[in-house]
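# Observations on the model geometry
Given next are the chains, with one letter for each unit.
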Amino acid sequence: MNPSIRRASTAVSLLATAVCWVILLAPLVELVAHLSVHEMSHAFSEPGSPGFGPLWRSLAASAIALAAIVVLGTPLAYLLARDRLPFPRVVETGLLVPLAMPPLVIGLLLIFLVGPSSPVGSHLNQDLFGLNTFYALVVAEFYEAAPYYVLAAYAAFAGVDRDLEHEALLLGDSRRAMLRRVTIPLAAPGLAVGLSMAWARAMGAFGAVLIVAYNPPGLPMAIDTGLQAFGLNGALPYAVLLVIAVLPLPLVSLLWSARARGRLAPGVAPGLL
Amino acid sequence: MSGLSISITVPRRDFEVAADLLVAPGERLALFGPSGAGKTTVLDTVAGLVPPLRGAVRLGDELLSRPPARRRRLGPSGPTPAAIRHVSAVRQPPAVFPHLSVEANVAYGRSDPELVEQVIARLDLDGLRSSRPDSLSGGQIQRVALARALARRCRVLLLDEPFSGLDAPTRRSCREVVEARSEEDQAATVMVTHDLREAQAFGHRLAVIDAGSILAVGDPHELVSQPGTRRVAELVGYVSFLRVRDPAGRRRTLAIDQERFHIAGSHAGCPPERAGSWSTGGQDSPLHLQLSGRVLSCVAAGGRFEARLFVPAGATLSTSDGATFVTDEDSEVPAVVASPVPVGKERLAAATMPPTVAG
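What you are looking at is a predicted structure, and each value in this text was computed from that prediction instead of being measured.

## Some details on the overall build of chain A
Counting its regular elements, chain A contains 13 helices and zero strands. Principal-axis analysis of the C-alpha atoms places the extent of chain A at approximately 70 × 60 × 30 Å. Contacts in chain A between residues far apart in sequence, at least 24 positions, make up 76% of those at least 6 positions apart.

This is the structure in structure tokens:
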């Protein structure tokens, strides 16, 4: 390529990267710049403010939802990736439905599923598991976040060379040992990315939560009610809290998985690079 | 019989692979054939990775692989537990675990710690113990896969092109290590290769497979010097075939290559047990050629020239031990001559062809 064209294309790429960064991160910088520690602490202790309750509630509900997603979603993703399920394309499409559906609609549908008059809901203790309870929050977050994890885990497992699994079995591993020693370590970078995406979705779940679990509030609901009651000053502290609570896991797991992927890359002869 | 008994039919997209083979404990069988002949399918079935459509693989009285109880639509199930206990395998391409060091790869699973140390030393992997596979060359990865298969006690050793990507001296030393381990464990050993020299050097017996069928099994030297059928002759390296008549007027096919020639039978494709095998009595017997024809082509081949002659009147071929054959009229005859002959000229070629002749 002509050196001047190459220089120009490099410059355009750098510029595009910079613009993307500014567009994506500037609001975050603004958010932090607009708040002082004093204002933050004042906001949480103000009369009528729900305090730190929404933070703990969101963390606990998301942790439970995520645990359920991992326990149920990991085997599903593995079986899907290994073509061991009947009608795999139907299952896959089923996973895409909640992803494609507007969260508000998911919330409405959940009323039909767990509401007091539904077949399932009528058998549940409505005070503990009904609408507007902690568990309703868990269920709403599960619905919003599960597809992100399952689809990422599906891709991660599909990326593990089946010959390596066969090799482990031939070398004397049981299926469980093979999963523990080969499949999961090799899929781990992809699983970590899926996990952090699901965590961010669960923590930030709002649409379905608004319908089935608005009170007691999690962090996104607290932002909404703060905005309604006190305007931006009431909403921003909770927004900062949400960002602080959400970001560490995705950042750490993205960095780790990028490193791990580099380590797991198949060997390439130097001459080919 | 405590050896490995293979009697299977395995479906493939293009054809069915059928194999009936017995490998005694400590015996080394080289399964030789062209690419796509079904060699690896046979090996994968013995390993339990591919279920056979019919038949079974047995080790002594123990069943290693058989058809699934009912047709599963849910994908391959992996090796059967029985296969796991006694089978060691090097597959192609070698699959080494990218997240483990060389030493962890070799010691993976049910390895024997003493053997791990032994094969690491003998396969010259000592300096690479803590290296990750992504920093290794193709040949080094091949040696890691080989070491891993040899670092455990086994009764069946399956090797799929185990020395590919290795240079000649390494290849030889690796082969010696494999042979030693195979004898030590008295393992029924099957090596798949498309390299005839390697198959001959390694195998106590040679099996030739083509398009899913085992064409011949036998002593490597015998099979190569007296291939029963034309196809086997082609596969073991004969490059020219000549239709001739023997003194009794029976039709035979004369198979010729750079170093050997052989009468394969009354006609090509005749079953081995009915082929009237005939040999010249070793490589020292020169093939004499007296023929008159038109030179169709003449190309340099090493220090000599390979020519093809069109012989309208037929040619007489005789060996030093007195046997004589006559080619058909209007046939093409390959010959090796000491000096170039002009193409298109009618000429008499009286060539005494040493064993290295002919083409």
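## Some words on the overall build of chain B
Scanning chain B from terminus to terminus reveals nine helices and 19 strands. When burial is assessed residue by residue, chain B has 43% of its 359 residues classed as buried. Taking the contacts inside chain B whose residues are at least 6 apart along the sequence as the reference set, 62% of them involve residues at least 24 apart.

## Focus on the environment of S65(B)
Residues and elements named next belong to chain B. Summarising the element assignment, S65 is placed in strand 5 (residues 62–65). When the 26 C-beta atoms within 10 Å are taken as the criterion, S65 is described as buried. Separated by 53 residues in the primary sequence, S65 and R12 have C-alpha atoms spaced 17 Å apart.

## Considerations on the packing of helix 1 (residues 3–33) of chain A against helix 12 (residues 232–246) of chain A
Residue and element names in this part refer to chain A. Contact geometry of helix 1 with helix 12 gives a least axis separation of 10 Å together with a crossing angle of 125°. Between helix 1 and helix 12, the angle falls in the class oblique. Here the hand of the crossing between helix 1 and helix 12 comes out left-handed. For the pair formed by helix 1 and helix 12, the contact residues are L28, L31 and V32 on the first element and L236, A239, V240 and V243 on the second. Its residues assigned to classes, the contact of helix 1 with helix 12 comprises seven nonpolar, no polar and no charged.

## Quick notes on helix 1 (residues 39–47) of chain B
Within helix 1 of chain B, eight of the nine residues are buried, which leaves the element mostly enclosed by the surrounding structure. Looking one or two residues beyond helix 1 of chain B, the residue adopting positive phi is G48(B), at roughly 90°.

## Observations regarding unusual backbone geometry
All names here are of chain A. A cis geometry characterises the amide bond from N215 onward to P216, with omega recorded as 0°. Tracing the backbone shows P216 in the loop between helix 10 (207–212) and helix 11 (219–230). Even without being a glycine, D83 presents a positive backbone phi close to 55°. The class for D83 is exposed, based on 12 C-beta atoms found within 10 Å.

## Section: helix 5 (residues 103–114) of chain A
Residue and element names in this part refer to chain A. The end-to-end C-alpha distance of helix 5 is 16 Å, a good match for the 16 Å that twelve residues give at a rise of 1.5 Å each. Residues of helix 5 that are buried include every one of I106, G107, L110 and V114, and no others. All buried residues of helix 5 lie within an arc of 100° about the axis, which places them on one face of the element. Buried residues along helix 5 sit against helix 4 (88–100), helix 7 (134–158) and helix 10.

## A short note on the confidence of the model for chain B
Residue and element names in this part refer to chain B. Overall, the predicted model of chain B reaches an average pLDDT of 78, with 74% of residues at or above 70. Per-element mean pLDDT across chain B ranges from 42 in strand 19 (residues 346–353) up to 96 in strand 3 (residues 28–32). Note on residues 73–78: pLDDT under 50 across the span, and nine contacts to partners over four residues away in sequence or across chains. Here residues 347–359 scores under 50 on pLDDT; set against residues more than four positions off or in separate chains, the count is 46 contacts. With pTM at 0.77, the complex prediction returns an ipTM value of 0.77.

## What to know about the pairing of strand 2 (residues 16–23) of chain B
All names here are of chain B. Only one face of strand 2 is covered, namely the face carrying V17, A19, L21 and V23; the face carrying E16, A18, D20 and L22 is uncovered. As paired elements, strand 1 (residues 4–11) and strand 2 share eight bridges and run antiparallel to each other. Residue pairing in the sheet places I8 in a bridge with A19 of strand 2. What sits between the antiparallel neighbours strand 1 and strand 2 is a turn of four residues.

## A few points about the environment of S36(A)
Relative to the elements of secondary structure, S36(A) occurs in the loop between helix 1 and helix 2 (37–45). On a C-alpha basis, the gap between S36(A) and P237(A) in space is 9.5 Å, while along the polypeptide they are 201 residues apart.

## A few points about the packing of helix 3 (residues 53–81) of chain A against helix 9 (residues 175–203) of chain A
Residues and elements named next belong to chain A. Running from N to C, helix 3 and helix 9 point in directions that differ by 140°, and their axes come no closer than 9 Å. Regarding the angle of helix 3 to helix 9, the classification is oblique. Handedness of the helix 3/helix 9 crossing: right-handed. Contacts from S58, S62, A65, L66, I69 and V70 in helix 3 reach L195, A198, W199, A202 and M203 in helix 9. Split into classes, the residues belonging to the contact of helix 3 with helix 9 amount to nine nonpolar, two polar and no charged.

Conventions we followed
Residues numbered from 1 in each chain as written. Chains lettered and ligands numbered in written order. Predicted model: local features only at pLDDT ≥ 70, side-chain atom pairs only at ≥ 80, totals over all residues. Helix = DSSP H or I, 4+ residues; strand = E, 2+ residues; numbered from the N terminus. Contact = placed C-beta atoms within 7 Å. Buried ≥ 20, exposed ≤ 12 C-beta atoms within 10 Å, placed from the backbone. Axes fitted to C-alpha atoms, helices over the stretch in contact; angles between N-to-C directions. Parallel < 35°, antiparallel > 145°, perpendicular 65-115°, else oblique. Left-handed = near helix turned anticlockwise from the far one by under 90°. Nonpolar A, V, L, I, M, F, W, Y, C, P; charged D, E, K, R; others polar. Expected span 1.5 Å × (residues − 1). Arc of directions from axis to C-beta. pLDDT = per-residue confidence, 0-100. Pairing = 2+ DSSP bridges.

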